[in-house]
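A look at the structure
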Amino acid sequence: MKKAVMLFAEGYEEVEALMTADILIRGGVELKLVSITESMQVTGSHGITVSMDSTLEQISLEEQDAIILPGGMPGTKKLGDSERVTKALNHMNEEGKIVAAICAAPSVLGACGILEGRKATCYPGFEDQLTGADFVDEMAVVDGNVVTSRGLGTSMEFGFTLLQQLVSKEKAEEIRQQIVFKYNVVSK
């Protein structure tokens, strides 16, 4: 079973975090919701508080296959300002493990140098913070071990992309079918 951690800071974007978490868990990934502070309760940018499984200090990165950052403000800024977070991201990247971020959070990867020479995407207006990256206007972008996505509206695609990277394309498609997620829209 693949293992992943999702890092939470006060002011995270709730849907980006929880949609991605739900898809990964449905797909069989052992996901831990991890506070970057000592608090086991973290409140999002829209006032929704979520209980964490652990704190970053308590996690062994050696056991993890992926590290994931939800976006949101001021959550993204707090993630980027945390030395523990940037050390964890750089460690996972150096080990060739999946490093993923959505919305404004790819800017944290940019600041760490992780996007240098890679294709990446982000929330509109943060393109200049993808230091060293070649910006791609797609819902989700995979370049090697790095996965980035645009925002709340691309949360499902971000989750499926991560599930495909961690488990398989078949498992991602199975979960798409289970939750009735389709690409086409029919209108009268």
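Before reading on, note that the structure itself is shown above.
For the structure given in this document, a descriptive report is provided here. (Residues numbered from 1 in each chain as written. Predicted model: local features only at pLDDT ≥ 70, side-chain atom pairs only at ≥ 80, totals over all residues. Heavy atoms only, no water.)

**Some points on the overall build of the chain**
Quick reminder of the rule: Numbering of helices and strands starts at the N terminus; helices are DSSP runs of H or I of at least 4 residues and strands are runs of E of at least 2. The globule rule is 2.2 Å times the number of residues to the power 0.38, and the radius of gyration it is compared with is taken over C-alpha atoms. Buried means the residue's accessible area, taken with a 1.4 Å probe over protein chains only, is under 20% of the maximum for its type, while exposed means over 50%, and partly exposed covers the values in between. Contacts are assigned to residue pairs that have any heavy atoms within 4.5 Å of one another. For every accessible area listed, the method is Shrake-Rupley and the probe measures 1.4 Å; residues are considered covered only by the protein chains on display. Positive charges come from Lys and Arg alone, negative charges from Asp and Glu alone, with His and the N- and C-terminal ends not counted. Every charge is mapped to an atom, namely NZ of Lys, CZ of Arg, CG of Asp or CD of Glu.
The helix and strand tally for the chain stands at six helices and eleven strands. The C-alpha radius of gyration computed for the chain amounts to 15 Å, which stays within 12% of the reference 16 Å derived for 188 residues, consistent with globular compactness. Judged by the C-alpha coordinates and their principal axes, the chain covers about 50 × 35 × 35 Å. For the chain, the proportion of its 188 residues judged to be buried stands at 52%. Of the contacts formed within the chain by residues at least 6 apart in sequence, a portion of 63% connects residues at least 24 apart. When the accessible surface of the chain is totalled, it reaches about 8,700 Å², and 50% of it is carbon and sulfur. Taken together, the 17 basic and 27 acidic charged side chains of the chain have centroids lying 5 Å from each other.

**Considerations on the environment of Glu116**
Mapped onto the elements, Glu116 comes out in the loop between α4 (106-111) and β8 (119-120). In sequence terms Glu116 and Asp22 are 94 residues apart; their C-alpha atoms lie 30 Å from each other. Aside from chain neighbours lying at most four places away, what touches Glu116 is Thr131 and Gly132.

**Topic: the pairing of strand β10 (residues 140-143)**
We apply this condition: The pairing criterion for strands is at least two bridges between them, as found by DSSP.
As defined by bridge partners, β10 adjoins strand β11 (residues 146-149) across four bridges and the pair is classed as antiparallel. The partner of Ala140 across the bridge, within β11, is Ser149. Where β10 hands over to β11, the hairpin turn is made up of two residues, of which Gly144 adopts a positive phi near 65°.

**Thoughts on the pairing of strand β1 (residues 3-8)**
The cut-off we apply is this: A clockwise path from the first strand over the helix to the second, with the strands pointing away from the viewer, defines a right-handed crossover.
A large share of β1 lies buried, amounting to five of its six residues. Note: β1 against strand β2 (residues 30-35), six bridges, orientation parallel. Bridged to Phe8 within β2 is Ser35. Crossover connection from β1 via helix α1 (residues 14-26) to parallel β2: handedness right-handed. In this structure, β1 lies alongside strand β6 (residues 66-69), joined through three bridges in parallel fashion. Within β6, the position partnered with Val5 by the bridge is Ile67.

**Notes on a negative patch on the surface**
The cut-off we apply is this: Each patch is built from residues that are more than 30% exposed by relative accessible area and take part in no salt bridge. Like charges join if they lie within 9 Å; nonpolar side chains (Val, Leu, Ile, Met, Phe, Trp, Tyr) join within 5 Å. Salt bridges are defined by distance alone: a side-chain nitrogen of Lys or Arg within 4 Å of a carboxyl oxygen of Asp or Glu.
A cluster of like negative charges, contributed by Glu30, Glu62, Glu63, Glu94 and Glu95, occupies part of the molecular surface. On the secondary structure map, Glu94 appears in helix α3 (residues 83-94).

This is a description of form; function is not addressed.
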